[in-house]
There are 2 protein chains.
Amino acid sequence: MSKQEGITVKKEQDFSEWYQQLILKSELADYTQVSGCIVFRPRSYQVWEKVQKVIDLEFKKIGIQNSYFPLFIPESLLSREQEHVKGFTPEVAWVTQSGEEKLNERLAVRPTSEAIMYDSYSKWIRSYRDLPLKLNQWNNVVRWEFKNPVPFLRTREFLWNEGHNVYSNEKDLDKDRDIILKIYSDFLKDYMALPGLIGRKTDREKFAGAKATYSIEIIIPNGKAIQGPDFHDDGNNFAKAYNIKYLDEKEKEQYVLQATYAITTRMLGVMFAIHSDNKGLVLPPKLAENKLVIVPIIFEDSKAKVFKEAEKIKKELGIYNPILDDREGYSPGWKFSEWELKGIPLRLEIGPKDLKAKQVVLVTRLGKKLNIKISELSKKIPKILEEMHEELYKNAEKLMKNSIVETNNLNELIKVIENKKIALTQLCKSEECEEWIKSKTNGAKTLNIPFKQKTNLGKCVYCGKKADYSVYIGKSY
Amino acid sequence: MSKQEGITVKKEQDFSEWYQQLILKSELADYTQVSGCIVFRPRSYQVWEKVQKVIDLEFKKIGIQNSYFPLFIPESLLSREQEHVKGFTPEVAWVTQSGEEKLNERLAVRPTSEAIMYDSYSKWIRSYRDLPLKLNQWNNVVRWEFKNPVPFLRTREFLWNEGHNVYSNEKDLDKDRDIILKIYSDFLKDYMALPGLIGRKTDREKFAGAKATYSIEIIIPNGKAIQGPDFHDDGNNFAKAYNIKYLDEKEKEQYVLQATYAITTRMLGVMFAIHSDNKGLVLPPKLAENKLVIVPIIFEDSKAKVFKEAEKIKKELGIYNPILDDREGYSPGWKFSEWELKGIPLRLEIGPKDLKAKQVVLVTRLGKKLNIKISELSKKIPKILEEMHEELYKNAEKLMKNSIVETNNLNELIKVIENKKIALTQLCKSEECEEWIKSKTNGAKTLNIPFKQKTNLGKCVYCGKKADYSVYIGKSY
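Computed from a predicted structure; not experimentally measured.

A. Representation of the interface of chain B and chain A. Every contact between the two is made by 57 residues of chain B and, on the other side, 57 residues of chain A. For the pair chain B and chain A, the summed buried surface comes to about 4,600 Å²; carbon and sulfur atoms form 56% of the total. When the buried surface of chain B facing chain A is broken down by residue, B:Gln33, B:Tyr68 and B:Trp124 rank first, second and third, together holding 14% of it. The interface formed by chain B and chain A includes 6 salt bridges. Where chain B packs against chain A, one counts 32 residue pairs in polar contact (both at pLDDT 80 or more). Summarising the sheet, strand E5 (residues 93-98) of chain A and strand E5 (residues 93-98) of chain B pair through 5 bridges and their orientation is antiparallel. Within E5(B), the residue paired with A:Val95 across the bridge is B:Val95.

B. Representation of the packing of helix H1 (residues 15-25) of chain A against helix H8 (residues 266-275) of chain A within the structure. Residue and element names in this part refer to chain A. Taken N-terminus to C-terminus, the directions of H1 and H8 make an angle of 110°; their axes are 11 Å apart at the nearest point. The orientation of H1 with respect to H8, classified from their angle, is roughly perpendicular. Helix-helix and strand crossings are classified by hand; for H1 and H8 the assignment is right-handed. Judged by residue contacts, Phe15, Trp18, Tyr19, Leu22 and Ile23 of H1 engage Gly269, Phe272 and Ala273 from H8. When the residues that make up the contact of H1 with H8 are grouped by side-chain class, the tally is 7 nonpolar, 1 polar and no charged.

C. Focus on the pairing of strand E15 (residues 292-296) of chain A. All names here are of chain A. The buried fraction of E15 amounts to 5 of the 5 residues, a majority that puts the element mostly inside the structure. Burial along E15 is two-sided: the residues Leu292, Ile294 and Pro296 and Val293 and Val295 are all buried. Direction of pairing for E15 relative to strand E17 (residues 346-350): parallel, over a ladder of 5 bridges. Each residue of the ladder has a partner; that of Leu292, found in E17, is Leu346. Relative to strand E16 (residues 323-324), E15 is paired through 2 bridges, and the arrangement is parallel. Bridged to Val293 within E16 is Ile323. The handedness of the E15 to E16 crossover, carried by helix H9 (residues 303-316), is right-handed.

D. Region of the structure containing the pairing of strand E8 (residues 157-167) of chain A. Residue and element names in this part refer to chain A. Along E8, 11 of the 11 residues are buried, which leaves the element largely enclosed by surrounding structure. Side chains of E8 alternate between two faces, with Glu157, Leu159, Asn161, Gly163, Asn165 and Tyr167 and Phe158, Trp160, Glu162, His164 and Val166 buried alike. Pairing geometry for strand E7 (residues 133-142) and E8, over 10 bridges, is antiparallel. Bridge pairing in E8 links Leu135 to His164. Across 8 bridges, the pairing between E8 and strand E14 (residues 257-264) is antiparallel. When the sheet's bridge partners are listed, Trp160 is paired in E14 with Thr264.

Analysis parameters
- Residues numbered from 1 in each chain as written.
- Chains lettered and ligands numbered in written order.
- Predicted model: local features only at pLDDT ≥ 70, side-chain atom pairs only at ≥ 80, totals over all residues.
- Heavy atoms only, no water.
- Contact = heavy atoms within 4.5 Å.
- Buried area = accessible area lost by both parts, 1.4 Å probe.
- Salt bridge = Lys/Arg side-chain N within 4 Å of Asp/Glu carboxyl O.
- Polar contact = N/O pair within 3.5 Å; in protein donor to acceptor, adjacent residues only side chain to side chain.
- Pairing = 2+ DSSP bridges.
- Helix = DSSP H or I, 4+ residues; strand = E, 2+ residues; numbered from the N terminus.
- Axes fitted to C-alpha atoms, helices over the stretch in contact; angles between N-to-C directions.
- Parallel < 35°, antiparallel > 145°, perpendicular 65-115°, else oblique.
- Left-handed = near helix turned anticlockwise from the far one by under 90°.
- Nonpolar A, V, L, I, M, F, W, Y, C, P; charged D, E, K, R; others polar.
- Buried < 20%, exposed > 50% of the residue type's maximum accessible area, 1.4 Å probe, protein only.
- Right-handed = clockwise from strand over helix to strand, strands pointing away.

What is shown is where atoms sit, not what they do.
Structure (structure tokens):
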């Protein structure tokens with residue numbers, strides 16, 4: 001690979017330009033003629049397929065079923081729940097024509113599917129016997145944001161799961177909330193090698209129409225926080241707006257309780273941004289489609305033998321879906337750079353000298369170089385991949401911990417935000433205090449209220465009255 | 001289940017009403033407030049997930065990769081290939097507003113993705129080394145048809161795979177064409193228990209923008225044919241419109257060759273329509289999520305013992321994902337009807353008498369009743385399911401064969417169509433003859449030209465000149 005084909009700026013110097021080059025040059029995504037909409041190329045879509053597969057399996061264990069609802073939502077239906085519609089209409093893409101005819105009513109391209117799903121729910125749910133109902137969709141949604149679009153992190157169309165559960169009682173809802181948040185955070189940890197801050201959103205920052213929102217916030221290398229997977233406890237807000245009632249065991253009519261939850265393709269961008277480096281993409285091994293590239297070191301007189309051994313190794317290590325880069329006319333160094341850019345976790349080099357010694361050189365994407373006997377590859381690779389995952393997680397955890405500063409002093413808090421860090425501070429539940437802090441910090445918001453709270457809370461960092469919780473505050477992506 | 005909850009008309013008397021009731025009452029789909037758009041409820045979406053899983057695995061074996069392109073296509077981009085745009089614009093849903101702002105250019109909600117994908121292809125493809133390129137999407141598309149919508153069979157939004165392959169030579173394209181058509185027809189046969197008519201479309205009926213279209217046509221019980229999976233050889237039509245060129249091995253610039261292929265959720269409707277009966281849904285066992293329902297025959301004094309044995313059987317037959325219907329307060333007959341309506345392939349009845357004899361009654365959805373020793377269930381069930389599949393396929397094949405009448409006489413042909421059958425006749429390649437036949441038969445169209453042709457063709461059934469091929473003609477859904 002030539003220098004220009006690689007990333008030409010440093011992550012630590014110009015994160016934004018580095019990220020854009022990473023996404024394009026690693027062939028994860030590409031821009032299109034539709035502003036704010038990207039192509040998910042196979043290298044990133046493969047990762048999304050793994051997200052779907054792993055999480056879907058966990059969902060099914062608690063009785064969540066997949067379904068598919070229409071892409072379009074009539075305006076009148078979208079408008080039923082007032083908070084909800086206020087939250088979304090500024091960003092809705094509207095279909096107003098079919099062929100050359102004007103439609104009688106505008107159709108929203110779904111920004112989320114509460115409205116269209118709950119209209120069906122109100123028909124389907126009659127009795128306590130119909131509950132719980134747990135339906136999920138893996139689909140595309142559109143939110144026509146006007147902020148500067150960034151591949152994966154902020155796109156006008158994105159992919160996600162949207163789960164919409166209905167319960168007759170809070171106990172069942174809360175139980176599933178804990179399980180679903182754990183499914184998401186386990187996936188982040190065990191597959192994406194990412195830690196996150198788990199907690200409840202303040203009322204000011206909760207989802208439009210929800211009673212409470214729970215989120216996993218992740219800190220990216222530019223010091224901003226980004227909202228990852230989330231879970232919304234809607235109480236009976238939507239049940240009232242969409243008239244979803246059931247007869248309980250005593251034949252009494254009740255409104256249902258509802259909850260929704262999502263993970264989006266945003267998380268791919270978060271993961272690419274956190275782990276990757278100036279050489280290109282770094283992928284946690286479990287999410288890499290090809291975990292290994294074999295690069296034979298080619299000399300004319302030993303070529304045949306080396307290729308033969310490389311083929312043999314490729315077969316033996318088939319479970320890692322290895323790429324054998326047997327292209328001639330490219331130097332090994334050129335190939336190394338290309339596969340580093342594209343984020344293949346392991347590189348196996350084999351030349352005539354190695355052949356004689358019955359060994360290979362194995363280089364991890366994190367820079368570790370090992371001489372390994374060919375006969376021991378199968379045994380050693382699983383451990384090496386596991387260690388890579390651990391190392392990635394630890395680095396990400398360090399990044400997170402280094403970004404958080406605990407303070408209960410307003411001036412210090414302002415400085416923390418100025419220094420592109422995240423503050424852990426104490427607040428009362430007045431939305432005014434949040435509003436003031438936002439204005440004083442040029443836009444920092446509360447991220448979430450961690451589940452684990454101190455037993456002895458002090459004073460609100462802004463108004464000085466008794467604090468209701470400690471909470472993370474930072475600039476949000 | 002009460003009588004009204006079942007299907008109240010006969011398939012053979014009022015196919016259209018029967019089909020609608022089937023879809024709604026078996027909980028396969030439901031109507032929504034968006035005309036022509038349905039909810040794919042879990043019972044049908046599960047089937048679609050199986051379609052995706054099986055076919056995707058086969059696609060990957062020939063190097064087809066998944067990706068995701070934007071839902072929206074700017075009008076200017078859609079208009080580049082003239083035949084293509086003419087074929088689709090009357091049915092396009094247009095986004096013209098975002099929030100309350102008018103967009104500068106209308107965005108088509110994709111009716112198919114050639115335009116948006118090939119714009120990217122023209123950027124990505126530079127050299128013969130970049131070919132073949134084989135990308136697929138599993139996504140949603142919208143075609144705002146004005147014909148009467150029918151769940152699955154004709155919906156304004158549907159789900160499909162759209163594969164878009166690029167080649168440097170015809171040989172590779174033709175090879176993949178044969179493989180891909182086989183993947184589709186094998187799936188129809190081995191999973192959906194459906195036979196089809198495979199062949200090439202006439203020029204008049206080929207895809208808008210294609211050089212040649214190959215299709216699998218399926219005949220449904222109302223005597224109409226419906227186009228199933230298809231494959232389009234686009235030659236270099238799109239390459240010229242979207243400027244997709246590469247340098248060949250001699251550094252000479254060449255247009256690429258392209259092909260596309262699809263299977264849609266229409267096929268679910270076709271399958272439901274063909275196999276199901278007046279009791280409700282009949283599903284080929286391989287596509288049933290729950291292959292078995294266990295209905296304990298409950299008497300107060302033996303209940304505990306029977307439940308215990310039923311639980312044990314449920315566990316042993318876990319690979320069939322059995323439902324244990326232990327609801328009390330419903331008669332066995334009521335339960336039998338419900339599970340027949342919902343298409344569970346096998347029903348296992350167990351009561352106190354069976355328990356004593358260490359056997360159960362096993363009833364297939366096709367009406368076969370067997371007494372089987374409990375100890376022999378695991379061994380016997382696979383064969384029973386296989387036989388069900390065979391029987392379904394044979395019945396569908398009989399329906400197909402009985403629908404086809406071979407004739408080379410114009411009056412006879414007209415009668416065949418009047419009698420709601422499909423004709424196999426001989427035609428010259430003049431589009432006029434096709435047009436005339438269509439007008440004389442009140443709308444019958446050529447379906448496709450079977451691959452296996454007679455060696456001695458006669459005269460064109462319409463103009464009497466030398467025939468170019470024998471071809472299926474019928475009313476098309």
